[in-house]
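Architecture at a glance
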Amino acid sequence: MYSFVPTGVCAKQILFDVTDGVIHDVKFIKGCPGSLSAISKLLEGKAVQDIIPLLKGTLCGTKNTSCPDRLAEALEEIQKGNATPYEVKPASNGFNPFA
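Let me sum up the structure you'll find in this document. Predicted model only: the values in this text are computed from it and were never measured.

What follows deals with helix α3 (residues 67-79). For α3, with 13 residues, the first-to-last C-alpha span of 19 Å sits near the 18 Å given by 1.5 Å per residue. Looking at α3, one finds that the buried residues are Cys67, Pro68, Asp69, Arg70, Leu71, Ala72, Ala74, Leu75 and Ile78. On its buried face, α3 is in contact with β1 (2-4), β2 (13-19), β3 (22-29), α1 (33-43) and α2 (48-55). Capping the start of α3, Ser66 holds a side-chain oxygen 3.1 Å from the backbone nitrogen of Asp69, two or three residues further along. At the C-terminal side of α3, Gly81 shows a positive phi close to 85°.

For the pair α2 and α3, interaxial distance at closest approach is 8 Å and the crossing angle is 140°. As far as their axial angle goes, α3 and α2 are oblique. Relative to α3, the crossing made by α2 is left-handed. In this structure, α2 uses Val48, Gln49, Ile51, Ile52 and Leu55 to contact α3, whose residues at the interface are Pro68, Asp69, Leu71, Ala72, Leu75, Glu76 and Gln79. For the contact of α2 with α3, the class distribution of residues is 8 nonpolar, 2 polar and 2 charged.

What counts and what doesn't
Residues numbered from 1 in each chain as written. Predicted model: local features only at pLDDT ≥ 70, side-chain atom pairs only at ≥ 80, totals over all residues. Heavy atoms only, no water. Helix = DSSP H or I, 4+ residues; strand = E, 2+ residues; numbered from the N terminus. Expected span 1.5 Å × (residues − 1). Buried < 20%, exposed > 50% of the residue type's maximum accessible area, 1.4 Å probe, protein only. Contact = heavy atoms within 4.5 Å. Polar contact = N/O pair within 3.5 Å; in protein donor to acceptor, adjacent residues only side chain to side chain. Axes fitted to C-alpha atoms, helices over the stretch in contact; angles between N-to-C directions. Parallel < 35°, antiparallel > 145°, perpendicular 65-115°, else oblique. Left-handed = near helix turned anticlockwise from the far one by under 90°. Nonpolar A, V, L, I, M, F, W, Y, C, P; charged D, E, K, R; others polar.

This is how it looks when you write it as structure tokens:
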């Protein structure tokens, strides 16, 4: 699982897995729930190399970026070897905010 904290967009965090160059389990924390949920479903099982050019440069309103653009940025960092996955663990009291 990777965690990316985007800037300049409504989403506060983007969580996702990449296995053998394929993206899985994309979750946007906050942001536009309908649109981001649809994007997550559409990206499931797609090759990272295909996703980056598709999403890169996507704008949101008058912003010079968007949640999909920031996901492309995160995926580029993974391809460059600049990101490390982490394991999502529930808190000691059993609460898991990502469940």
